[in-house]
Amino acid sequence: MYRPLLLGVLSAAAGTLASTVDDCPGYKASNVVNRDSTLTADLTLAGDACNVYGTDIPDLKLKVEYQTDSRLHVNIYDAAENVYQVQESVIPRPKSQGTAASSSQIQFSLTEDPFSFAVTRTSTGEVLFNTTGQQLIFESQYVRLRTSLPQNANLYGLGEHSDDFRFSTTDYQRVLWNSESPFIPRRANLYGSHPNYVDYRGAKGTHGVFLLNSGGMNVNVNTTAVEGTFLEYNTVGGVLDFYFFAGPNPVDVSRQYAEVVGVPAMVPYWSFGFHQCKYGWPSVDYVNEVVANYSKAGIPLEVMWGDIDYMDHRQDFTLDPTNYPLEKMRDLVGRLHQAGQRYVMMLDPGIHRKGGYEPFENGVKSEVFLKAADGSLYRGSQWAGEVVWPDWLHPNTQQWWTREIQKFFDPETGVDIDGLWNDMNEASNFCGDITCDPTEKKRSIAYTGSPTSRIKRSDDLHPRQSPTGTHLGLPDRNLFTPAYRINNHRGDLSDSTIYTNVTNADGTAQYDTHNFYGTTMARTSRGALIARRPAKRPFVLTRSTFAGAGAHSAHWFGDNYSAWDDYRISIKQMLAFVAVHQVAMVGSDVCGFNGDAQEVMCARWAVMAAWQPFYRNHADISAPSQEFYRWESVARAAKSAIETRYRLLDYIYTAMEGQSRDGSPAVSPVWFAYPGEASAAGIQTQWFLGDALLVAPVVEDDGTGVDVYLPSDVFYDFWTGKKVVGEGKTFRVEVPALEDIPVYIKGGSVVPMRVEAANTTVELRTKNFEVVVAPGSDGQAHGQLYLDDGESLEVGSDKSELSFAWDGSKLTVDGTFGYQTDVVLEKVTVLGGHNATVKEGSWSLNGPFVVNVGASCRRRSKKAV
């Protein structure tokens, strides 16, 4: 086994190497200072260093802060403060409010020798996190901490993955290391790393745990007869920077997590429309045909996307002069805009290393590219060939990236885009490992293979900063193949990505910062779009994510497969990202990216995805075309689904605005809404869209029905208005028509919607509203509607936040009315009884009003709501 060089500063502490981690001595606490809202202590190695996967760090610090009454911060770090900690510029730390420990919902306690700690719920004394029984290991390249869990624990999060939403507690491992992952392999690391989880304990409460560590890690969850159930962190570096969230409700946990990593950025209204893309469209003329075919089929189309096909030899900021010439591209985008439609284009991080290529030349002048230890540009291989990589932490990068975007996407002289798509930003490197040469003459032309890359081989290429407590990372580490190996499905840490020994401008190494490379690219792209149009809300879609990515961008779940299993997985991924990870604008490639989409599956997917936040059909160059109009049945299903989605778009927009304001999830699992129903803990293919709509799609392969779980409450069939009383169990619903999907309105809800759909969101915003009142068991109902112009970055007071309250006989509409509109409320439908009651009129949405719904109102049979 390879042993890295011992740290000079720690060499005096090195003892005989142990054979296993079980021989490591752990730590003992001393100098414990317990104040009203903080606790500090020194942690000292309790015996001879074991040095199993690195060099034991003899002296640590413990700092505990009761930051709010529901958030506890626990940080264990090296006394010299040289071990890497995530930069404040990447994730700004929330300030402690100095809550008194006696006022906190959760309590911290420690055992001094051997050191361990526990977090308990104040009201019940229940243990939420407990490290007793396994010693802390804190080495230069390996950190281990274990917590015990209840038997059959309900755990969610630790994304990104393609496994069950509630993951197994037996022999399960989550690997966090961002990687290109075609076909989204199971039980593997994928495109994002989100080291937070939610622990749901039914009526006892829910809490959350976030480890702010961007290093590669294996998180093991297991149950044994001797050790019980446990969760164990095993990282290749960094500190143990924990945030504990008290809840006690699941929604509370989600909001509390958002207070640390940031709420999701609000996206423009148009981005909730239907999007179409495909890698492999041969020309701009072909793109025009796709637009025309959607129009001919009568299927609403909001946004067209440009994959790398538009580029000249796959180079960012260029156009293929033959197939995508500037004049025709400007004409395409101009006509889309004239029709109220939009256009989004891709930018990859790899910049072609080519003389005369302006983005490269300008980047060299600005010194924004990652460099090797000898000062030369670090080179890799991506679509354009031999490429260099922007350092998104460099102070000059934002200005350089903004200039290139403003020039190429100039509305007057370039392509007037509406949003940006950041792909390949894990970063994906066509160089398979550290033995390859990226020079173009040696590079394979098979872009999907593993061409070569590497300048020279050495384990100590990165510059060493002096140990001055800068949090930049320890020197003298093996940055390629640390002794502790995470189970990266690509292989070693540097395989198929930027080499982990490369140093960023601030002195940190990719070894420590790799997992947020894509998020910082998305953040920079967002900044560039704001500079380009300062008053407009930007839209950025990213493939690679880390904690806090939602504050900068939307996310799609990568290169999935055209199969039923991937259809089901897209639901589980959505639940994790929106409800647990605070990345709200998410969705999958509808009908699958890779493979041959089958007609029935594609029809069901088109319908199901219409009830998710981000809605885009996308396929690979190797896949047959799968635009919805290609099949009669899919076209019919998609048209029906999109029309319903557009009628509900303001309801969805309202839910998303709520999450962007305080972190309340716009999409949530059933148990979020009914935390007392432990039987719902494993429901992972149904979801609440907003507070009111429970969606239960067909999920069986080529199925014609679905087992629907309804909590113990009053519901109404969305399509018929029929009252259904849930009993906290499942029942079978037959769904033979491909365009149908079971949806239920939760009793006690008021659902606003447009009276009719439209072909674009521009047209949709001219349509009047109706509301559907679904009384609860007490006869009352409530709802919300948020209105603004749909595109301003800062709306200020130019917004309306309407509240609806039904008391059994009248609907009261109140709130704030800063957004003035000519659109009115023209219909109120009250569900219940044998018939729905309908009151028609014309009520202005520019001020409060009351609608009296009495016996004189028209009644109708229960048909489509």
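Residues numbered from 1 in each chain as written. Predicted model: local features only at pLDDT ≥ 70, side-chain atom pairs only at ≥ 80, totals over all residues. Heavy atoms only, no water.

Looking at an unreviewed UniProt entry, one finds the protein named alpha-glucosidase and attributed to Coniochaeta hoffmannii. As stated in UniProt under Catalytic activity (unreviewed entry), the record for the protein gives "Hydrolysis of terminal, non-reducing (1->4)-linked alpha-D-glucose residues with release of alpha-D-glucose." (UniProt positions renumbered as here; feature names shortened; annotations may be inferred.)

Tell me about the overall build of the protein, and name the residues and values.
For the protein, the helix and strand inventory stands at 13 helices and 47 strands. Its C-alpha atoms give the protein a radius of gyration of 27 Å, near enough to 29 Å, the size a compact globule of 865 residues would have. Taken along its principal axes, the extent of the C-alpha atoms in the protein is 90 × 70 × 50 Å. Here the protein, with 865 residues, has 65% of them falling under the buried criterion. Restricting to contacts in the protein with at least 6 residues of sequence separation, those with at least 24 account for 70%. For the protein, the accessible area works out to roughly 29,000 Å², and carbon and sulfur atoms hold 48% of it. In the protein, 76 positive and 101 negative side-chain charges are present, and the distance between their average locations comes to 3 Å. (Helix = DSSP H or I, 4+ residues; strand = E, 2+ residues; numbered from the N terminus. Rg over C-alpha atoms; globule rule 2.2 N^0.38 Å. Buried < 20%, exposed > 50% of the residue type's maximum accessible area, 1.4 Å probe, protein only. Contact = heavy atoms within 4.5 Å. Areas by Shrake-Rupley, 256 points an atom, 1.4 Å probe, with all protein chains shown as cover. Lys, Arg positive; Asp, Glu negative; His and termini not counted. Charge placed at Lys NZ, Arg CZ, Asp CG, Glu CD.)

Can you tell me about the sheet that holds strand β22 (residues 379–382), naming the residues and giving the values?
Sheet strands associate in pairs through backbone hydrogen bonding, adopting either a parallel or an antiparallel arrangement. Read across the sheet, three strands follow the order β21-β23-β22 without closing on themselves; strand pairing throughout is antiparallel. One side of each edge strand has no neighbouring strand; the edge strands of this open sheet are β21 (351–352) and β22. Strand direction decides the pairing type here: β22 and strand β23 (residues 385–388), joined by four bridges, are antiparallel. Bridging from a neighbouring strand, serine 381 pairs with glutamate 386 of β23. (Pairing = 2+ DSSP bridges.)

So what's going on with the environment of phenylalanine 242? Residues and values would help.
Residue placement: phenylalanine 242 occurs in strand β17 (residues 240–245). Residue class for phenylalanine 242 comes out buried when judged on its relative accessible area of 0%. Between the C-alpha atoms of phenylalanine 242 and lysine 328, which are 86 residues apart in sequence, the distance is 53 Å. Those residues in contact with phenylalanine 242 that sit more than four places away from it in its chain are Leu72, His73, Val74, Phe129, Leu145, Val209, Phe210, Leu211 and Tyr233.

Outline the packing of aromatic side chains, listing residues and values.
Tallied over the entire structure, the rule returns 56 aromatic pairs. Plain terms: the ring middles of tryptophan 611 and tryptophan 719 are 6.3 Å apart, the flat faces sit at 85 degrees to each other, and that makes the pair edge-to-face. Taken together, the positions of tryptophan 611 in the loop between α9 (599–609) and β30 (616–617) and tryptophan 719 in the loop between β35 (714–717) and β36 (723–725) put the pair 108 residues apart, joining distant regions of the chain. Overall, the relative accessible area of 28% leaves tryptophan 719 in the partly exposed class. Three or more aromatic residues joined by ring pairs form one cluster here, namely Phe317, Phe360, Phe369, Trp392, Trp400, Trp401, Phe408, Phe409 and Tyr517. Over the face of the ring belonging to tryptophan 305 we find arginine 616, whose NZ or CZ atom lies 4.7 Å from the ring centre. Directly above the aromatic system of tryptophan 556 lies the positively charged group of arginine 616, at a separation of 5.2 Å from the ring centroid. (Phe/Tyr/Trp six-rings, centres within 6.5 Å; stacked < 30°, edge-to-face > 60°. Lys NZ or Arg CZ within 6 Å of the ring centre and 35° of its normal.)

An account of the state of the cysteines is needed here, citing residue identities and associated values.
This model, assessed by the stated rule, comprises two disulfides. Across the disulfide from cysteine 24 sits cysteine 50; the S-S distance is 1.9 Å. The chirality of the disulfide connecting cysteine 24 with cysteine 50 is right-handed, given an S-S dihedral of about 85 degrees. Here cysteine 24, found in the segment before β1 (27–34), pairs with cysteine 50, found in the loop between β2 (38–45) and β3 (59–66); they are 26 residues apart in sequence, far enough to count as distant. Here the two residues cysteine 24 and cysteine 50 agree in accessibility, since each one is buried. (Disulfide = S-S within 2.5 Å.)

A description of the confidence of the model for the protein should follow, citing residues and the corresponding values.
Per-chain confidence: the protein averages 93 in pLDDT, with 93% of residues scoring 70 or above. Low pLDDT, under 50, characterises residues 1–18; the predicted model gives this stretch 39 contacts beyond four residues in sequence or across chains. (pLDDT = per-residue confidence, 0-100.)

How would you summarise empty space enclosed by the protein if you had to cite specific residues and measurements?
Taken as a whole and assessed by the stated rule, the structure comprises 12 cavities of 30 Å³ or more. Within this model, the largest cavity holds a volume of roughly 80 Å³. Lining the largest cavity we find 15 residues, and of these Ala265, Val267, His552, Ser553 and Ala554 sit closest to its centre. In terms of residue class, the lining of the largest cavity is built from 11 nonpolar, three polar and one charged. (1 Å grid on protein atoms, 1.4 Å probe; cavity = no way out; pocket = protein on both sides within 12 Å on 5 of 7 lines; lining within 4 Å. Points joined across faces, edges and corners; volume = space filled by probe spheres on them. Nonpolar A, V, L, I, M, F, W, Y, C, P; charged D, E, K, R; others polar.)

Account for the UniProt feature "domain: Glycoside hydrolase family 31 N-terminal" (unreviewed entry) in the protein, with residues named and values stated.
As annotated by UniProt and renumbered to match this structure, "domain: Glycoside hydrolase family 31 N-terminal" (unreviewed entry) occupies residues 66–218. Helix makes up 0% of residues 66–218 and strand 38%, with an end-to-end C-alpha separation of 28 Å.

Outline the sheet that holds β35, listing residues and values.
The strand order across the open sheet formed by six strands is β31-β32-β33-β38-β35-β36, and the pairing between neighbours is antiparallel. Pairing within the sheet leaves two strands with one partner each, and these edge strands are β31 (667–668) and β36. For β35 and β36, the ladder comprises three bridges, and the chain directions are antiparallel. Within β36, the residue paired with valine 714 across the bridge is valine 725.

Which residues make up helix α8 (residues 564–580), and what values go with them?
Along its 17 residues, α8 runs 24 Å from first to last C-alpha, staying within 8% of the 24 Å computed at 1.5 Å per residue. Among the 17 residues of α8, 16 are classified as buried, and the element is accordingly described as predominantly covered. Following α8 by one or two positions, glutamine 582 has its phi on the positive side, about 60 degrees. (Expected span 1.5 Å × (residues − 1).)

Pulling in residues and values, what's your account of the packing of helix α5 (residues 397–408) against helix α7 (residues 517–532)?
The interhelical angle for the contact between α5 and α7, taken along N-to-C directions, is 55 degrees, at an axis separation of 9 Å. When the interaxial angle is binned, α5 and α7 end up oblique. Here α5 and α7 pass one another in a crossing that is right-handed. Here Thr397, Gln398, Trp401, Thr402, Ile405 and Gln406 of α5 lie close against α7, whose contacting residues are Met521, Arg523, Thr524, Ser525, Gly527, Ala528, Leu529, Ala531 and Arg532. A breakdown of the residues in the contact of α5 with α7 according to their chemical character gives six nonpolar, seven polar and two charged. (Axes fitted to C-alpha atoms, helices over the stretch in contact; angles between N-to-C directions. Parallel < 35°, antiparallel > 145°, perpendicular 65-115°, else oblique. Left-handed = near helix turned anticlockwise from the far one by under 90°.)

Hey, could you go over the layout of surface pockets for me, with residue numbers and the actual values?
With a probe scaled to a water molecule rolled over the atoms, the places where space remains empty come into view. By volume, the largest pocket is sized at about 720 Å³. Those elements giving two or more residues to the lining of the largest pocket turn out to be α1 (250–261), α11 (649–662), α12 (670–673), β39 (749–754), β41 (781–787) and β42 (800–806). Top element by residues in the lining of the largest pocket is α11. It accounts for seven residues. Across the lining of the largest pocket, the residue classes tally to 14 nonpolar, 13 polar and seven charged.

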